[in-house]
Amino acid sequence: MNTAPRLIEVRQNVLKKNDVLARALRQRFRDAGVCVFSLVSSPGAGKTTLLEKTLTELRRRCHVAALVGDLATENDAARLARSEAPVKQIITGTVCHLEAAMVEQALEGWNLEELDCLIIENVGNLVCPSSYDLGEALRIVLMSVTEGEDKPLKYPTIFNTSDVAVITKIDLAEAVEFDLKAAHRSIQSVRPGMQMFEVSAKTGQGMDEWLELLQSRIAETVFRI
Amino acid sequence: MHELSIALSIIEGASSEASRHGDVKVSAVHLKLGPLSGVVKDALLFSFELACEETALEGSRLVIEEVPVLVFCPNCKMERTPPSIQQMCCPVCGEWTPQVVQGHELELVALEICE
């Protein structure tokens, strides 16, 4: 055995396996005419509440389904079932994020041709999900007014890798003295030009604009095929 | 913390690449890491050591090259390093820009092998 080490070039993405799967999923979604959104946020930012209201509204206009990631419980799927849209829970066990393979597996038994829209709710976490492409068309990051205006500055990567920001629980803004302008500045500083929405799933404030965004993207996807 | 999953992916990628070169021992794994990869260097180094145990890569080193973020400034028409990942703007003219040209890297660059 020769002991002098030899250098061999590799040059491949560490998450190649996930990226390849995500690309294949994206193609499948495109071929079937399904517009896919993913939601990321910290735990408790209101993903499930916003999703429940969103599914209820979208269901009246198109065929929508959801996949929800959680570490341990099926509580979210049970809550979302009230929207009467098809919902499947992905229990990740100890894994703190969703991966493309989990999405692919969860889709088994579903006919994508019958859907116009799929919303994937990631595990509540602002760090780990940023590294994993799920094949979505749009990654949407949520932050609630109770979390503070500087959340984007604390978690710049997830904001930078997302396409749209939604500030949730806007009905509580005054009570918690949330500085909306400062929040906007934080978001624009980590992701200049990012589209922003302010919603309250509870009172319905801002929901029309939010639903309009989703519907226009769904219409584009369905129209393209 | 997902660095353990990342470490396992590195080991998987490196092992399969090494096996293409026959009966070799990997002494080091070279990795390129960008600040927007969502991966913490120290946590990854720690996880890599743990994850290597009882694999073909046991005893190998993880060598991490950290690359800076580069954005394209539409005003200067140049690639520049922004002041920080919290301030994605041109450090020269101050123009804000969403065009990231480098910084997402999580790339297996090379292996050092002993034959």
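The shown structure was predicted, so the numbers you read here are calculated from the model rather than taken from an experiment.

1. Section: the sheet that holds strand E4 (residues 78-80) of chain B
Remark on secondary structure: sheet strands pair via backbone hydrogen bonds, oriented parallel or antiparallel.
Residue and element names in this part refer to chain B.
Phase 1 of the analysis: Taking strand neighbours across the sheet as the criterion, the three strands line up as E4-E3-E5 in an open arrangement whose pairing is antiparallel. Looking at the sheet topology across the chains shown, the edges are occupied by E4 and strand E5 (100-102). Strand after strand, the sheet turns through a mean of 40 degrees between neighbouring axes, direction not considered.
Phase 2 of the analysis: With two bridges joining them, strand E3 (residues 70-73) and E5 adopt antiparallel strand pairing. Bridge assignment links Leu-70 to a residue of E5, and that residue is Gln-102.

2. Here's the deal with the interface of chain B and chain A
Phase 1 of the analysis: Taken residue by residue, the interface counts 39 residues in chain B and 33 residues in chain A.
Phase 2 of the analysis: Roughly 2900 Å² is buried in total at the junction of chain B and chain A, and carbon and sulfur atoms are behind 58% of that figure.
Phase 3 of the analysis: The largest contributions to the chain B side of the interface with chain A come from His-2, Gln-86 and Glu-115 of chain B, which together make up 19% of the buried area.
Phase 4 of the analysis: For the pair chain B and chain A, the interface holds two salt bridges.
Phase 5 of the analysis: When the shortest N-O distance is used, the salt bridge between Arg-11 of chain A and Glu-107 of chain B registers 3.2 Å.
Phase 6 of the analysis: At the level of secondary structure, the elements contributing two or more residues to the side of chain B that touches chain A comprise helix H1 (3-19), strand E1 (25-33) and strand E6 (106-114) of chain B.
Phase 7 of the analysis: In terms of residues, the side of chain B that touches chain A owes the most to one element, E6 of chain B, which gives nine residues.
Phase 8 of the analysis: The pairing of strand E1 (residues 6-13) of chain A with E6 of chain B spans six bridges and is classified as antiparallel.

3. Notes on the pattern of salt bridges
Phase 1 of the analysis: Counted under the stated rule, the structure contains 16 salt bridges over all chains.
Phase 2 of the analysis: We note a salt bridge from Glu-9 of chain A to Arg-11 of chain A, for which the minimum N-O separation is 3.3 Å.
Phase 3 of the analysis: For Arg-20 of chain B, the salt bridge identified is with Glu-17 of chain B, shortest N-O distance 2.9 Å.
Phase 4 of the analysis: Residue class for Arg-20 of chain B comes out exposed when judged on its relative accessible area of 61%.

4. Regarding the sheet that holds strand E3 (residues 64-70) of chain A
Residues and elements named next belong to chain A.
Phase 1 of the analysis: The seven strands lie next to each other as E4-E3-E5-E2-E6-E7-E8, forming an open sheet whose pairing is parallel. Where the open sheet ends on each side, the last strands, each with one partner, are strand E4 (87-91) and strand E8 (195-198). On average, adjacent strands in this sheet sit at an angle of 20 degrees to one another, irrespective of strand direction.
Phase 2 of the analysis: Note: strand E2 (residues 35-40) against strand E5 (residues 117-121), five bridges, orientation parallel. Note on E5: the bridge partner recorded for Val-36 is Leu-118.
Phase 3 of the analysis: Set on the sheet, helix H2 (residues 47-59) makes contact with E2, E3, E4, E5, strand E6 (138-144) and strand E7 (164-168); between it and E5 the angle comes to about 170 degrees.

5. Brief notes about empty space enclosed by the protein
Residues and elements named next belong to chain A.
Phase 1 of the analysis: Within this structure, the stated rule accounts for one cavity of 30 Å³ or more.
Phase 2 of the analysis: Volume-wise, the largest cavity comes out at about 40 Å³.
Phase 3 of the analysis: Mapped by element, the contributors of at least two residues to the lining of the largest cavity are E2, H2 and helix H8 (207-224).
Phase 4 of the analysis: If you tally residues by element for the lining of the largest cavity, the top one is H2, at three residues.
Phase 5 of the analysis: Split by residue class, the lining of the largest cavity holds eight nonpolar, one polar and no charged.

The rules behind these values
As a convention, each chain's residues are numbered from 1 in the sequence order in which they are written. Chain A is the first chain written and ligand 1 is the first ligand written, with later ones labelled in order. The predicted origin of the model limits local features to residues at a pLDDT of at least 70 and limits the giving and counting of side-chain atom pairs to 80 or more, whereas totals for whole chains, interfaces and linings rest on all residues. In computing side-chain values, all of the structure's heavy atoms are included and hydrogens and water are not. When DSSP finds two or more bridges between two strands, those strands count as paired. Numbering goes from the N terminus for both helices and strands, where a helix is a DSSP run of H or I of at least four residues and a strand is a run of E of at least two. Note on definitions: angles span 0 to 180 degrees between N-to-C directions of axes, and those axes are lines fitted to C-alpha atoms, for helices only across the stretch in contact. By definition, residues are in contact when any of their heavy atoms lie within 4.5 Å. What counts as buried area is the accessible surface, traced by a 1.4 Å probe, that two parts surrender upon association, with contributions from both included. Salt bridges, as used here, are contacts in which a Lys or Arg side-chain nitrogen is within 4 Å of a carboxyl oxygen on Asp or Glu. Accessibility here uses a 1.4 Å probe with only protein chains present; expressed as a share of the type maximum, an area under 20% marks a residue as buried, one over 50% as exposed, and anything in between as partly exposed. Grid points spaced at 1 Å and placed over the protein atoms alone form the basis of the search, with a cavity being a set where a 1.4 Å probe fits but cannot get out and a pocket an open set showing protein on both sides within 12 Å along at least five of seven lines. Lining residues have an atom within 4 Å of a point. Grid points are joined across faces, edges and corners, and a volume is the space filled by probe spheres set on the points. Classes in brief: Ala, Val, Leu, Ile, Met, Phe, Trp, Tyr, Cys and Pro nonpolar; Asp, Glu, Lys and Arg charged; the others, Gly included, polar.

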